[in-house]
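Listed here are the chains, written in short residue letters.
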Amino acid sequence: MQNNIILIGYMGCGKSTVGRSLAETSAVAFLDTDARIEEKEGIPISEIFSKKGESYFRDMETECLKALLREKAAPSKACEDVLKERKGCVISVGGGLPVREENRTLLRQLGKVIYLKAGPDTVYERIKGDTTRPLLQTEDPMRKIREMMAAREEKYQAAAHMVIDVDGKTVADIIEEIKSAEEKL
Ligand code: S3P
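Residues numbered from 1 in each chain as written. Predicted model: local features only at pLDDT ≥ 70, side-chain atom pairs only at ≥ 80, totals over all residues. Heavy atoms only, no water.

## Quick look at the nonpolar core
Phase 1 of the analysis: Counting residues in hydrophobic clusters, the biggest one holds 54 residues, and the most contacted among them are Ile-8, Tyr-10, Leu-107, Leu-116 and Ile-178.
Phase 2 of the analysis: The dominant element in this core, judged by the number of residues it contributes, is helix 4 (residues 54-73), at 6 residues.
Phase 3 of the analysis: Apart from the residues within four sequence positions on either side, Leu-107 is in contact with Ile-6, Ile-8, Leu-65, Val-93, Leu-97, Pro-98, Val-113 and Ala-159. (Core = buried A, V, L, I, M, F, W, Y, C linked by side-chain atoms within 4.5 Å. Buried < 20%, exposed > 50% of the residue type's maximum accessible area, 1.4 Å probe, protein only. Helix = DSSP H or I, 4+ residues; strand = E, 2+ residues; numbered from the N terminus. Contact = heavy atoms within 4.5 Å.)

Below you can see the structure in the form of structure tokens.
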């Protein structure tokens with residue numbers, strides 16, 4: 001892997017699972033913007049939303065992308081060995097991150113962007129009962145999923161270098177598709 005691979009898509013589309021597995025099989029590092037933000041703040045995302053508000057979280061997402069770009073341009077000592085072998089890493093980003101236009105530009109500067117496109121049923125099955133995602137703590141999560149997906153589809157498409165339909169596919173199937181397309185990206 002010679003460039004960063006960035007996975008975008010709606011909550012529950014499999015970005016983290018696929019990302020972790022892809023990084024492992026490619027022997028590269030895996031990063032997750034949500035995890036970085038939680039680490040920096042020292043509290044879970046649900047608490048960042050409730051204590052500091054969504055716009056604070058969205059600003060942190062943009063800041064996180066800028067920090068990753070700075071690392072790409074001037075890698076810290078820890079990253080140097082990896083970069084000497086000209087390896088990239090796999091980065092999974094929060095579902096709402098590509099909504100900001102500025103973030104879409106930053107994402108495409110950071111690496112090759114792959115949109116894991118899942119249908120609402122797949123997402124609902126995966127996230128029902130989940131309490132860690134503040135935006136889905138509503139009476140009718142399926143309706144919210146459909147609305148947010150419709151509003152975000154255009155943004156995800158605009159950010160992506162490649163789109164993969166993930167419904168009905170295994171993690172291994174998706175990784176296979178990414179690997180066979182990687183050279184052409
Ligand atoms: C969000 C998605 C979440 C997390 C936050 C907001 C969104 O990440 O960033 O709860 O707006 O879609 P995942 O997509 O990794 O669940």
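## As for the pairing of strand 1 (residues 5-8)
Phase 1 of the analysis: Of the two faces of strand 1, the one lined by Ile-5 and Leu-7 and the one lined by Ile-6 and Ile-8 are each fully buried.
Phase 2 of the analysis: Both strand 1 and strand 3 (residues 90-92) contribute to a ladder of 3 bridges, which runs parallel. Along strand 3, the bridge assignment pairs Ile-5 with Val-90.
Phase 3 of the analysis: Both strand 1 and strand 4 (residues 112-117) contribute to a ladder of 4 bridges, which runs parallel. What sits directly across from Ile-8, in strand 4, is Tyr-115. (Pairing = 2+ DSSP bridges.)

## Digging into the site of the ligand
Phase 1 of the analysis: In the vicinity of the ligand lie 13 residues, with Lys-15, Asp-34, Arg-58, Arg-133 and Arg-152 positioned nearest.
Phase 2 of the analysis: At 2.8 Å from an oxygen atom of the ligand is found a side-chain nitrogen or oxygen belonging to Asp-34.
Phase 3 of the analysis: Taking Gly-96, its main chain carries an N or O atom lying 3.2 Å from an oxygen atom of the ligand.
Phase 4 of the analysis: Within the complex, the protein chains bury 95% of what would otherwise be the 390 Å² of accessible surface of the ligand. (Near = heavy atom within 4 Å. Polar contact = N/O pair within 3.5 Å; in protein donor to acceptor, adjacent residues only side chain to side chain. Areas by Shrake-Rupley, 256 points an atom, 1.4 Å probe, with all protein chains shown as cover.)

## Notes on the sheet that holds strand 5 (residues 162-165)
Phase 1 of the analysis: Taken in spatial order, the 5 strands make up an open sheet running 2-3-1-4-5, and their pairing is parallel. What marks the edges here is a single partner per strand, and that holds for strand 2 (30-32) and strand 5. The sheet shows a mean angle of 25° between the axes of neighbouring strands, direction not considered.
Phase 2 of the analysis: Against the sheet, helix 9 (residues 171-182) engages strand 1, strand 4 and strand 5, with an angle of about 155° to strand 5. (Axes fitted to C-alpha atoms, helices over the stretch in contact; angles between N-to-C directions.)

## Here we look at the packing of aromatic side chains
Phase 1 of the analysis: For the structure on display, the rule yields 2 aromatic pairs.
Phase 2 of the analysis: Aromatic side chains Phe-49 and Phe-57 sit 5.1 Å apart centroid to centroid with 45° between the ring planes, which places their arrangement in the tilted category.
Phase 3 of the analysis: On the basis of relative accessibility, which here comes to 14%, the residue Phe-49 falls in the buried class.
Phase 4 of the analysis: Take Phe-57: its relative accessible area is 3%, and that puts it in the buried class.
Phase 5 of the analysis: On the numbers, 5.0 Å between centres and 50° between planes, the contact of Tyr-115 with Tyr-156 is tilted. Taken together, the residues span a long stretch of sequence, with Tyr-115 in strand 4 and Tyr-156 in helix 8 (residues 141-159) at a distance of 41 residues. Pair check on accessibility: Tyr-115 and Tyr-156 agree, each one buried. (Phe/Tyr/Trp six-rings, centres within 6.5 Å; stacked < 30°, edge-to-face > 60°.)

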